[in-house]
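If you want the building blocks of each chain, they are given just below.
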There are 2 protein chains.
Amino acid sequence: MTATQTPVPMGPVVPARAAHAPLTPVEQQLRTAQDLFIRRWGEMGQTWGINRTMAEIHALCYIVGKPLCTDDVMERLHISRGNASMSLRALCDWGIIRRLHKRGERREYFESLSDVWEMFSIIAAERKRREMDPVLEAIKQCRQMLDEGHLGKAAKQEAVQLTRQRLAGMEEFMSVTNKIFQEFIGNAKSGLTKVVKVLLKAF
Amino acid sequence: MTATQTPVPMGPVVPARAAHAPLTPVEQQLRTAQDLFIRRWGEMGQTWGINRTMAEIHALCYIVGKPLCTDDVMERLHISRGNASMSLRALCDWGIIRRLHKRGERREYFESLSDVWEMFSIIAAERKRREMDPVLEAIKQCRQMLDEGHLGKAAKQEAVQLTRQRLAGMEEFMSVTNKIFQEFIGNAKSGLTKVVKVLLKAF
DNA sequence: CTATACTTTCAGTACAAACTGAAATCAGGA
DNA sequence: TCCTGATTTCAGTTTGTACTGAAAGTATAG
């Protein structure tokens, strides 16, 4: 690949890349393109409740398409070692990047999943569990608090009825949404492409 | 209707509700239930990039089901006038709550849309426009920067090809997602229920 | 016009999340 | 075993967001 440099003898310890090898024009162009993607992706992540740096790291791993080590990430995104370490670990916890050991090397590498659909379904599953399920739970609890069993005839009061209606409306919405999510999650690898096709035809 | 035919002096305006009328047990129970919903909704909003207070105000308007004035909101959520004012305006800008004038009253009231599907589609439309479209735009730009027109034969280099592949994968994903969003948005009022039924049958 | 009721704005503050850097810890090789 | 490169942790700091409260603004009735 980047064999434009003097053939470095594969010494005892192979540096990931020559300390600061000047980039060829093509490499520069590649970086520029990648950086644009990374920046936009980070911005988007932010507004969706994912911290910018984490989104950027993930974007970097994804877009480059090959394993990167901590120093690569630090250098490329200008972040500290601590930040890189914590964010990489969090991404691993999410399951959208993977740790990777290279033979005869001490340092660890990280690579992104390559299938966007799979990543999406992983994230969807987790967010559903963490954020939507508790709300659905709460709604059910609320409805119980306001049913006749608890309030008796008072449950017929206008204000109570109104709130009950609203709770019902929201519950219906969230149940359906949840079901859709579930479907995506269930079909993560297997039939996702097919599911999507069905979806698109439905529209 | 409002019996303000008689020249009611605007002086000591009729308070929205008696200053601090003690709540009946039923009202208390109702509040407790509503509060639970509001709290959970606020927490969820936070992790989706919506600030907690705004989400809570919206939840309050939605769950109560009748128009509330600024003071109602302040009192109920324990927030300042400034905060209430700004958040209410932002919610109006989003279009998920509406300003409402009552005959013969100076103060303004706010009420939430009642149809959850409509609210969702409004939000989806806006977020798509603000957050997804720019990314798609960026991806297209990136792909252009890396095509043969710009890089010549260098475009065949492995690293470049890899990134191009990744960009393509992401673009496909986002296009489909976008299309789905679009469909929801388009069917906001008209046939949403039908669309959902189709969806559910597809699964 | 003035007085009153209500709304908006915004400078300043409080609070929270993100980030750094260095020290502590861990793991492989001799 | 120790040595060394790599990773993790975390106290302290920076940065950013949310919030308050009071002053300015707006609108209506008289």
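Residues numbered from 1 in each chain as written. Chains lettered and ligands numbered in written order. Predicted model: local features only at pLDDT ≥ 70, side-chain atom pairs only at ≥ 80, totals over all residues. Heavy atoms only, no water.

K.L.:
When you look at the protein's contact with DNA strand D in this model, what are you seeing that I'm missing?
P.N.:
The local shell around DNA strand D holds 19 residues, among which R99 and E108 of chain A together with T53, S80 and R106 of chain B are the closest. Among the atoms of DNA strand D lying within 4 Å of the protein, the sugar-phosphate backbone contributes 65%. A distance of 3.1 Å separates a phosphate oxygen of DNA strand D from a polar side-chain atom of S85 of chain A. Per element, the largest residue contribution to the surface near DNA strand D is five residues, and it comes from helix α4 (residues 81–94) of chain A. Looking at side-chain class alone, the surface near DNA strand D contains three nonpolar, nine polar and seven charged residues. (Near = heavy atom within 4 Å. Polar contact = N/O pair within 3.5 Å; in protein donor to acceptor, adjacent residues only side chain to side chain. Helix = DSSP H or I, 4+ residues; strand = E, 2+ residues; numbered from the N terminus. Nonpolar A, V, L, I, M, F, W, Y, C, P; charged D, E, K, R; others polar.)

K.L.:
Would you mind showing me how to read the sheet that holds strand β1 (residues 68–69) of chain B here?
P.N.:
Whenever strands of a sheet pair, they do so through backbone hydrogen bonds, lying parallel or antiparallel. All names here are of chain B. Taken together, the three strands give an open sheet; going across it, the order is β1-β3-β2, and neighbouring strands pair in antiparallel fashion. At either margin of the open sheet sits one strand with a lone partner, and together these are β1 and β2 (97–101). By the bridge criterion, two bridges tie β1 to strand β3 (residues 108–112) in an arrangement that is antiparallel. From the neighbouring strand, C69 faces β3, where its bridge partner is Y109. Sitting on the sheet, helix α2 (residues 52–64) is in contact with β1, β2 and β3, with an inclination near 80° to β3. Contacts from helix α4 (residues 81–94) reach β2 and β3 within the one sheet, and its direction differs from that of β2 by about 110°. (Pairing = 2+ DSSP bridges. Contact = heavy atoms within 4.5 Å. Axes fitted to C-alpha atoms, helices over the stretch in contact; angles between N-to-C directions.)

K.L.:
Mind showing me how you'd approach the relation of the copies chain B and chain A here?
P.N.:
One copy of the chain maps onto the second through a rotation about an axis and a displacement along it. Turning chain B through 180° and shifting it by 0.0 Å along the axis lays it on chain A, with an RMSD of 0.0 Å. Classification of the inter-copy transformation places it as that of a two-fold axis. (Least-squares fit on C-alpha atoms with pLDDT ≥ 70 in both.)

K.L.:
Sorry if this is basic, but what is going on with the pattern of salt bridges here?
P.N.:
When the charged atoms of two side chains with opposite charge come close together, those side chains can pair. Residues and elements named next belong to chain A. Under the defined criterion, the tally for this structure stands at 24 salt bridges over all chains. Notably, a salt bridge pairs E126 with R129, separated by 2.8 Å at the nearest N-O pair. In this pair, E126 and R129 both sit in helix α5 (residues 116–145), three residues apart, roughly one turn of the helix. The exposure class assigned to E126 is partly exposed, which follows from its relative accessible area of 21%. (Salt bridge = Lys/Arg side-chain N within 4 Å of Asp/Glu carboxyl O. Buried < 20%, exposed > 50% of the residue type's maximum accessible area, 1.4 Å probe, protein only.)

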